[in-house]
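# Observations on the model geometry
Listed below are the residues making up each chain.
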Amino acid sequence: MIYLRLFLTFLKIGFVGFGGGLAILPLIYQGVSKFTDITKEQFANFFGISQATPGPIAVNAATYVGFEAAGIPGSLCSTLGVILPSFLLVVIFTKFLKEHRDNRLVDGAFVGIRPVTLGMLLSGVWFIAEGALFVSGGEGMLGVYQGVDLPVLGMALISFGLSLSNKVGAIQLIIAMGALGAVVFS
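Model, not experiment: these values are computed from the prediction.

Turning our eyes to something else, we now look at the overall build of the protein chain. Counting its secondary structure elements, the protein chain contains 7 helices and 2 strands. Start at the N end of the protein chain and walk to the C end: the helices and strands fall as α-α-α-α-α-β-β-α-α. Viewed in the frame of its principal axes, the protein chain has a C-alpha envelope of about 55 × 45 × 35 Å. Burial analysis of the protein chain (186 residues in total) assigns 30% to the buried set. When contacts within the protein chain are restricted to residue pairs at least 6 apart in sequence, long-range pairs at least 24 apart make up 52% of them. Accessible surface, the protein chain: about 11,600 Å² in total, of which carbon and sulfur atoms supply 71%. The protein chain carries 10 positive and 9 negative side-chain charges, and their two centres are separated by 12 Å.

See the structure below:
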């Protein structure tokens, strides 16, 4: 049954999706590709659009995929699947941390988790870069790249700089770069 498959697929993403949306993009893409014929480039576009909408990327992706695969009931099943683990883990960890907040092993575990989260975030960045920046003659990290799309790289660097400055909001930046992309790439 498609509803159960959607729920279980996104339940898995919800349970193993540490580090937030960007960190689990490859995992979300794997889940999405089970139900739609989406390319990495299309997924990168979806990711950009989801950044302009409220809510976490995992929830947006689950809702979108569920709707595409099985309408409103499918979106409800996949969305419930992806948020249920977070809800349960927050309840459990909150209770645990209250009881063990001064434990050195717990503190050490959190120090050890930070580099993993960073690595997962960098993996998500690479995943988006493959679909957005590189003109590919192959597939995957070891694929043969024909080069970097320089206008896209320029737009990415401008976006990065403006994001760091905190003077331009995400929605304004997405709209501006979307308009620039429409002019440059049409």
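This next bit is on the packing of helix α2 (residues 25-33) against helix α3 (residues 40-51). Between α2 and α3, the shortest axis-to-axis distance is 11 Å and the interhelical angle comes to 115°. In this structure, the crossing between α2 and α3 has a hand that is right-handed. Contact residues: α2 offers Leu25, Ile28, Tyr29 and Val32, while α3 offers Lys40, Phe43 and Phe47. Broken down by class, the residue content of the contact of α2 with α3 amounts to 6 nonpolar, no polar and 1 charged.

Scanning the model with the defined rule gives 1 salt bridge in all. One salt bridge connects glutamate 99 with lysine 95, and the closest N-O pair in it is separated by 3.0 Å. In this pair, glutamate 99 and lysine 95 are both assigned in helix α4 (residues 57-99), 4 residues apart and thus about one turn of the helix distant.

This part covers the domain arrangement of the protein chain. Taken domain by domain, the protein chain comprises domain 1 (2-100) and domain 2 (149-186). In this structure, domain 1 and domain 2 have C-alpha centres spaced 26 Å apart.

This paragraph deals with the nonpolar core. Residues Phe10, Ile13, Leu25, Ile28 and Phe43 are the most contacted members of the largest nonpolar core, which totals 24 residues. For this core, the secondary-structure elements that each account for two or more residues are α1 (2-16), α2, α3, α4 and α5 (104-132). No other element matches α4, which puts 7 residues into this core.

Take α5 next. Over its 29 residues, α5 extends 43 Å from the first C-alpha to the last, a length consistent with the 42 Å expected when each residue adds 1.5 Å. Of all the positions in α5, only Val106, Gly124, Phe127, Ile128, Ala129, Glu130 and Gly131 are classed as buried. Capping the start of α5, asparagine 103 holds a side-chain oxygen 2.6 Å from the backbone nitrogen of leucine 105, two or three residues further along.

Before going further, it helps to spend a moment on the environment of leucine 88. By secondary structure assignment, the location of leucine 88 is in helix α4. The partly exposed category is assigned to leucine 88, whose relative accessible area is 37%. In this structure the C-alpha to C-alpha distance between leucine 88 and phenylalanine 15, which are 73 residues apart in sequence, comes to 9.7 Å.

Time to look at the side chain of asparagine 60. Of note, asparagine 60 is situated in helix α4. In contact with asparagine 60, other than residues within four places in its own chain, are Phe46, Ser50, Thr53, Pro54 and Gly55.

Residues Phe15, Val16, Phe87, Leu88, Val91 and Ile92 make up a contiguous nonpolar surface patch of roughly 560 Å² in combined accessible area. Contributions of two or more residues to the nonpolar patch are made by α1 and α4.

Glancing now at the packing of α3 against α4. Between α3 and α4, whose axes approach to 10 Å, the crossing angle comes to 120°. The crossing of α3 and α4 is right-handed. Between α3 and α4, the contacting residues are Phe46, Phe47 and Ser50 on the first element and Ile57, Asn60, Ala61 and Tyr64 on the second. Here the residues of the contact of α3 with α4 are counted per class, giving 5 nonpolar, 2 polar and no charged.

Basis of the calculations
- Residues numbered from 1 in each chain as written.
- Predicted model: local features only at pLDDT ≥ 70, side-chain atom pairs only at ≥ 80, totals over all residues.
- Heavy atoms only, no water.
- Helix = DSSP H or I, 4+ residues; strand = E, 2+ residues; numbered from the N terminus.
- Buried < 20%, exposed > 50% of the residue type's maximum accessible area, 1.4 Å probe, protein only.
- Contact = heavy atoms within 4.5 Å.
- Areas by Shrake-Rupley, 256 points an atom, 1.4 Å probe, with all protein chains shown as cover.
- Lys, Arg positive; Asp, Glu negative; His and termini not counted.
- Charge placed at Lys NZ, Arg CZ, Asp CG, Glu CD.
- Axes fitted to C-alpha atoms, helices over the stretch in contact; angles between N-to-C directions.
- Left-handed = near helix turned anticlockwise from the far one by under 90°.
- Nonpolar A, V, L, I, M, F, W, Y, C, P; charged D, E, K, R; others polar.
- Salt bridge = Lys/Arg side-chain N within 4 Å of Asp/Glu carboxyl O.
- Domains from an automatic or database assignment.
- Core = buried A, V, L, I, M, F, W, Y, C linked by side-chain atoms within 4.5 Å.
- Expected span 1.5 Å × (residues − 1).
- Polar contact = N/O pair within 3.5 Å; in protein donor to acceptor, adjacent residues only side chain to side chain.
- Patch = residues over 30% accessible without salt bridge, like charges linked within 9 Å, V, L, I, M, F, W, Y side chains within 5 Å.

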